[in-house]
Amino acid sequence: RGCGFSLQNRALNFSLERAHPNALAGGKRPFHTIIPGLLTRESDGALLGVFGCMGGFMQPQGHMMLVSNLLDLKMDPQSALDAARFCVGSSYARDERHRHHLHIEDGCGADVERELRARGHTVHG
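Here goes a summary of the coordinates provided. Computed from a predicted structure; not experimentally measured.

### A look at the pairing of strand S2 (residues 47–51)
So, step 1. Here strand S1 (residues 37–40) runs beside S2; their pairing, made up of four bridges, is antiparallel. Considered in S2, the bridge of threonine 40 is made with leucine 47.
So, step 2. Linking two consecutive strands that pair antiparallel, namely S1 and S2, is a turn of six residues; a positive phi of about 75° is found at glycine 45 within it.

Structure, rendered in C-alpha cells:
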C-alpha cells in the first residue's frame, strides 16, 4: 500500500521532447497493449465472449477486426481469427514517418494492396 507500483511500465510511446503532446511526464497515460477483450450484448449486458490477440500496435486493431468479423461479417470464431488483417502504424518505427504506414497480411490480396496504394497509402505487405 502506497508503494507506487507501476502496473504498465513499457513507456514505449513517450517522447523525450518536452513540447511533444506525449512527452515523458508524471500523470501521462501511454498507449499499451495489455488489453484482453470482453464482448457483451448492449441490450442486456450478456457475455458473448472473451478474446485477446497478440501484436503490439496490432493488438487493439486486431481486436476490432475480430469483433467486426464476428458481428458484421457473421464469421465463426476460428474464421474470424484466421482472416487476413491490416495494421496502421507501428510502435516500433524509429522514424516518425513510418508510424503511419499501412501493413497488410498476405491474405488481403494484391488487388487490395493496389487499391490502397492508388488511394495514397504507403503499404507494406
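Following the structure, the description resumes.
### Section: the sheet that holds strand S4 (residues 102–104)
So, step 1. As summarised here, the arrangement of the three strands in space is S3-S4-S5, forming an open sheet in which the pairing is mixed. Each edge of the open sheet carries a strand with a single partner, namely strand S3 (86–88) and strand S5 (123–124).
So, step 2. As judged from the three bridges shared by S3 and S4, these two strands associate in the antiparallel manner. Counterpart to cysteine 87 in the pairing with S4 is histidine 103.

### A closer look at unusual backbone geometry
Backbone geometry follows two general trends: most residues other than glycine have a negative phi, and most peptide bonds adopt the trans configuration.
So, step 1. Phi at lysine 74 takes a positive value of approximately 55°, unusual for a residue other than glycine.
So, step 2. You can call lysine 74 exposed: its relative accessible area is 66%.

### Re a nonpolar patch on the surface
So, step 1. There is a patch of nonpolar side chains on the surface, built from Leu38, Leu47 and Val50 and spanning about 340 Å² of accessible area.
So, step 2. Within the fold, leucine 47 resides in strand S2.
So, step 3. On the accessibility criterion, leucine 47 (57% relative accessible area) is exposed.

About the cut-offs
Residues numbered from 1 in each chain as written. Predicted model: local features only at pLDDT ≥ 70, side-chain atom pairs only at ≥ 80, totals over all residues. Heavy atoms only, no water. Pairing = 2+ DSSP bridges. Helix = DSSP H or I, 4+ residues; strand = E, 2+ residues; numbered from the N terminus. Buried < 20%, exposed > 50% of the residue type's maximum accessible area, 1.4 Å probe, protein only. Patch = residues over 30% accessible without salt bridge, like charges linked within 9 Å, V, L, I, M, F, W, Y side chains within 5 Å. Areas by Shrake-Rupley, 256 points an atom, 1.4 Å probe, with all protein chains shown as cover. Salt bridge = Lys/Arg side-chain N within 4 Å of Asp/Glu carboxyl O.

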